[in-house]
Amino acid sequence: MSQDCIFCKIISGEIPSKKIFENDHVLAFEDSNPVAPVHALIVPKKHYTDILEISSSEEGRADLCHLMAALTQISEELGVDERGFRLINNCGEEGGQTVLHVHFHLIGGKKLGAGLI
Ligand code: AMP
Ligand code: ZN
């Protein structure tokens, strides 16, 4: 738990969220400012700043696997498992990361554009 981290506070229940999926390692909840009909955030329960930090330890890599392993259930819950979706990670300032607790955006529910930027 990082004291000033908004996602740690969501994980602890201090800040409310619309939960989609939860297990011992992973929480998925609705983004409060959705950019598409389906917009969820998938986070590890343990605090890591970004994708580089979570990738840099055995424990972090195990948590990354837990995130990916939860994708099937999360996408089913959101109704996009057969339609398709986009999974995005923003890393660092130029990557557009604003919340410094690593997370993946799961976006879908409509035909998304082909461009990446
Ligand atoms: P990023 O810019 O990749 O760091 O994404 C941060 C995301 O967190 C943005 O899409 C915000 O809309 C979302 N967000 C920030 N605060 C909350 C919150 N309290 N509940 C849900 N989503 C949030
Ligand atoms: Zn955190």
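Everything below is about the structure shown above.
Residues numbered from 1 in each chain as written. Chains lettered and ligands numbered in written order. Predicted model: local features only at pLDDT ≥ 70, side-chain atom pairs only at ≥ 80, totals over all residues. Heavy atoms only, no water.

K.L.:
Account for the pairing of strand β5 (residues 104-108), naming residues and giving values.
P.N.:
Within a regular beta strand, the side chains point alternately toward one face of the sheet and then the other, so they alternate between its two faces. Burial analysis of β5 places 5 of its 5 residues in the buried class, which makes it a mostly covered element. Where strand β3 (residues 38-44) meets β5, 5 bridges bridge the pair, whose relative direction is antiparallel. Within the sheet, the bridge partner assigned to L41 lies in β5 and is H105. Across 4 bridges, the pairing between strand β4 (residues 85-88) and β5 is antiparallel. Note that in β5 the partner of F85 across the bridge is G108. (Buried < 20%, exposed > 50% of the residue type's maximum accessible area, 1.4 Å probe, protein only. Helix = DSSP H or I, 4+ residues; strand = E, 2+ residues; numbered from the N terminus. Pairing = 2+ DSSP bridges.)

K.L.:
Explain helix α3 (residues 58-69) residue by residue, including any values.
P.N.:
Its 12 residues give α3 an end-to-end C-alpha distance of 16 Å, which sits within 8% of 16 Å, the value for a rise of 1.5 Å per residue. For α3, the complete set of buried residues consists of G60, D63, L64 and L67. Angular distribution of buried residues about the axis of α3 spans 105 degrees; they occupy a single face of the element. Turned more than 90 degrees away from the buried face of α3, the exposed residues are E58, C65 and A69. (Expected span 1.5 Å × (residues − 1). Arc of directions from axis to C-beta.)

K.L.:
Outline the coordination of the zinc ion (ligand 2), listing residues and values.
P.N.:
Those donors, C5 (SG), C8 (SG), H47 (ND1) and H101 (ND1), are the protein atoms that reach the zinc ion (ligand 2), and they lie 2.1 to 2.3 Å from it. Sequence positions of the donors to the zinc ion (ligand 2) reduce to the motif C-x2-C-x38-H-x53-H. Residue C5 is located in the segment before α1 (6-12), and its partner H47 is located in the loop between β3 and α2 (51-55); the two are separated by 42 residues in the primary sequence. (Donors = N, O, S within 2.8 Å, 3.2 Å for Na, K, Ca; no water.)

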